[in-house]
Amino acid sequence: MQKSLDVKLAKILADTQCKEFILADAKDADMAFGLSAPGLSPEQHAGEATFKTLDQYRSQIREVIAQGLVDIVLMSASTNEVLTLRERLFENSTITPAIRANDATDIWLAGAEGVYPTLPSRPFRTATIDHAMCGKAECRPEERKLGADLGLYSITFNNDLDRDWESLNAYNAFRYEAEKKGFRHFLEVFSPNAPGANAPQDVPKFVNDHIVRTLAGVVGKGRPIFLKIPYYGPAAMESLARYDSSLVVGILGGSAGTALDAFHMLWEAKKYGARVALYGRKINQAEHQTTFIRYLRAVADDEILPREAVKAYHADLQRLGIRPKRSLEDDLQSTIQSDSYSGQSTSQTPAETSAAPSEKVQRNLQRWNRILGEFPYHK
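This write-up is about the structure you can find in this document. In this text, all values refer to a predicted model and were calculated from it rather than measured experimentally.

Our next topic: the sheet that holds strand β3 (residues 96–100). With parallel pairing, 8 strands are arranged side by side around a closed barrel as β1-β2-β3-β4-β5-β6-β7-β8. Taken pair by pair, the neighbouring strands of this sheet meet at an average axis angle of 25°, ignoring direction. The pairing of strand β1 (residues 22–27) with strand β8 (residues 276–279) spans 4 bridges and is classified as parallel. Counted as the bridge partner of A24 is L278 from β8.

Next up, the structure:
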């Protein structure tokens, strides 16, 4: 089945002003956290930290795949083996499976006393390309389409010559292997996680400059199909998005925040040039993930504005008999947003300066409810 990712990427590269938008559910938290990776369990009580199991986490991924509204599901290699290689869930889906292809030390977040995120990032890869593609150490050519042929590779620049040189060498080696094996990737670039005395004064410019410098020496076959970066605001996004029309820019979600945080970040980032959003905790910590995704998709497709999406989401939670974590009033507030996996923060201020016609919004909401209202996971 034709994948929506491929269709949308082709349209975006042909016309940078098109309205296509790629949405990904990042369910790769088990590559970073420990037992808490699947998120809090609904059975938790005050003072308890009870988490969902890995089986429950994977069941939620199955629901997202069945819903069919995201373009990518990002997983660990072990989850990819279960859902892609064994269960074949993506064979008749428009969704593209992807794996986290590396786990550099700045995302080693397991254990309350772990110090790794406080030290300059160093490269490391647990997953292998062949295991992602066919589930074994060496794939025959005809086996490479059995699993995932797309991966996320992350890198963190710290303005530290030795550490950054080491990270770039590892990225070079990964790209070379990926190209030989027909494995595509998208590139995640975090804010500096431990720059010490070398902390750049202008982090957004530092990150943007290092991205374009890094990719200037990379030819088409080895280039990432898109970027995943923190959303630093309109100016930084616009400057990067307009620099190179062949470079598709996407944002990472960061911390969960409020519903307005999630919807508004996507809406504003798209307005200033982003064409991809990869949300992990924002989706995973939602009260009802597939309903939340439905409104992310509607915002991404310019069918509803962020504040209206929050209100509609709360109305659906009420219809489903699900108690929201926050009141509607609180969920309509903006909070501090994370711009790195471990929690470095910047502040966002929502300001919806342009609006779709009210009649169009209502018409699209009615269409979405008609199409998806009978979807079993929404009952």
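Excluding glycine, residues mostly have negative phi values, and the peptide bonds linking residues are mostly trans. A positive phi angle, close to 60°, is found at R88, a residue other than glycine. Looking at where R88 falls in the secondary structure, it is placed in the loop between α3 (77–86) and β3. Relative accessible area serves as the criterion here: at 24%, R88 is assigned to the partly exposed category. The residue N159 is not glycine, and still its phi comes out positive at about 60°. Summarising the element assignment, N159 is placed in the loop between β4 (150–156) and α5 (161–181). The class of N159 is partly exposed, set by a relative accessible area of 36%.

The next subject is helix α1 (residues 4–14). Of the residues making up α1, those classed as buried are S4, L5, K8, L9 and I12. An end-on view of α1 places all buried positions within 125° of arc, on one side of the element. Contacts made by the buried residues of α1 are with β1, β2 (72–75), β3, β4, β5 (184–190) and α10 (289–300).

Right, let's talk about a nonpolar patch on the surface for a bit. Together, L35, L40 and F51 make up an exposed nonpolar region whose accessible area comes to about 320 Å². As for its position among the elements, F51 is in the loop between β1 and α2 (54–67). Residue classification places F51 among the partly exposed positions, given a relative accessible area of 31%.

With that settled, consider the packing of α10 against helix α11 (residues 306–320). Contact geometry of α10 with α11 gives a least axis separation of 10 Å together with a crossing angle of 155°. If you check the angle between α10 and α11, you find them roughly antiparallel. Judged by the twist between their axes, the crossing of α10 over α11 is right-handed. Packed against α10, whose contacting residues are T291, F292, R294, Y295 and V299, the element α11 presents A309, A312, Y313, D316, R319 and L320 at the interface. The class makeup of the residues in the contact of α10 with α11 is 7 nonpolar, 1 polar and 3 charged.

For S4, the position within the fold is in helix α1. We classify S4 as buried; its relative accessible area is 15%. Leaving out residues up to four positions away in the same chain, S4 has contacts with V70, D71 and T94.

All chains considered together, the criterion is met by 8 aromatic pairs. Aromatic pair W108 and F124: ring centres 5.7 Å apart, planes at 85°, arrangement edge-to-face. Here W108 is found in the loop between β3 and α4 (129–134), whereas its partner F124 is found in the loop between β3 and α4, with 16 residues between them in sequence. Exposure remark for W108: the relative accessible area of 27% places this residue in the partly exposed category. Aromatic side chains F186 and F226 sit 4.5 Å apart centroid to centroid with 20° between the ring planes, which places their arrangement in the stacked category. Of this pair, F186 sits in strand β5 while F226 sits in the loop between α6 (203–216) and β6 (227–229); the two residues are 40 residues apart in sequence, bridging distant segments of the chain.

This paragraph deals with the pairing of strand β7 (residues 249–252). The side-chain alternation of β7 yields two buried faces, one formed by V249 and I251 and the other by G250 and L252. Pairing of β6 with β7, which is carried by 3 bridges, proceeds in the parallel orientation. What sits directly across from K228, in β7, is G250. With helix α7 (residues 234–243) bridging β6 and its parallel neighbour β7, the resulting β-α-β unit is right-handed. In the sheet, β7 pairs with β8 via 3 bridges, with the strands oriented parallel. By the bridge assignment, G250 is partnered in β8 with V276.

The N-to-C vectors of α2 and α10 enclose an angle of 40°; their axes lie 10 Å apart at closest approach. Comparing their axes, α10 and α2 come out oblique. The two elements α2 and α10 meet at a crossing, and its hand is right-handed. In contact with Q60, E63, V64 and Q67 of α2, α10 contributes Q289, T290, I293 and R294. Grouping the amino acids of the contact of α2 with α10 by side-chain chemistry returns 2 nonpolar, 4 polar and 2 charged.

Procedures and definitions
Residues numbered from 1 in each chain as written. Predicted model: local features only at pLDDT ≥ 70, side-chain atom pairs only at ≥ 80, totals over all residues. Heavy atoms only, no water. Pairing = 2+ DSSP bridges. Helix = DSSP H or I, 4+ residues; strand = E, 2+ residues; numbered from the N terminus. Axes fitted to C-alpha atoms, helices over the stretch in contact; angles between N-to-C directions. Buried < 20%, exposed > 50% of the residue type's maximum accessible area, 1.4 Å probe, protein only. Arc of directions from axis to C-beta. Contact = heavy atoms within 4.5 Å. Patch = residues over 30% accessible without salt bridge, like charges linked within 9 Å, V, L, I, M, F, W, Y side chains within 5 Å. Areas by Shrake-Rupley, 256 points an atom, 1.4 Å probe, with all protein chains shown as cover. Salt bridge = Lys/Arg side-chain N within 4 Å of Asp/Glu carboxyl O. Parallel < 35°, antiparallel > 145°, perpendicular 65-115°, else oblique. Left-handed = near helix turned anticlockwise from the far one by under 90°. Nonpolar A, V, L, I, M, F, W, Y, C, P; charged D, E, K, R; others polar. Phe/Tyr/Trp six-rings, centres within 6.5 Å; stacked < 30°, edge-to-face > 60°. Right-handed = clockwise from strand over helix to strand, strands pointing away.

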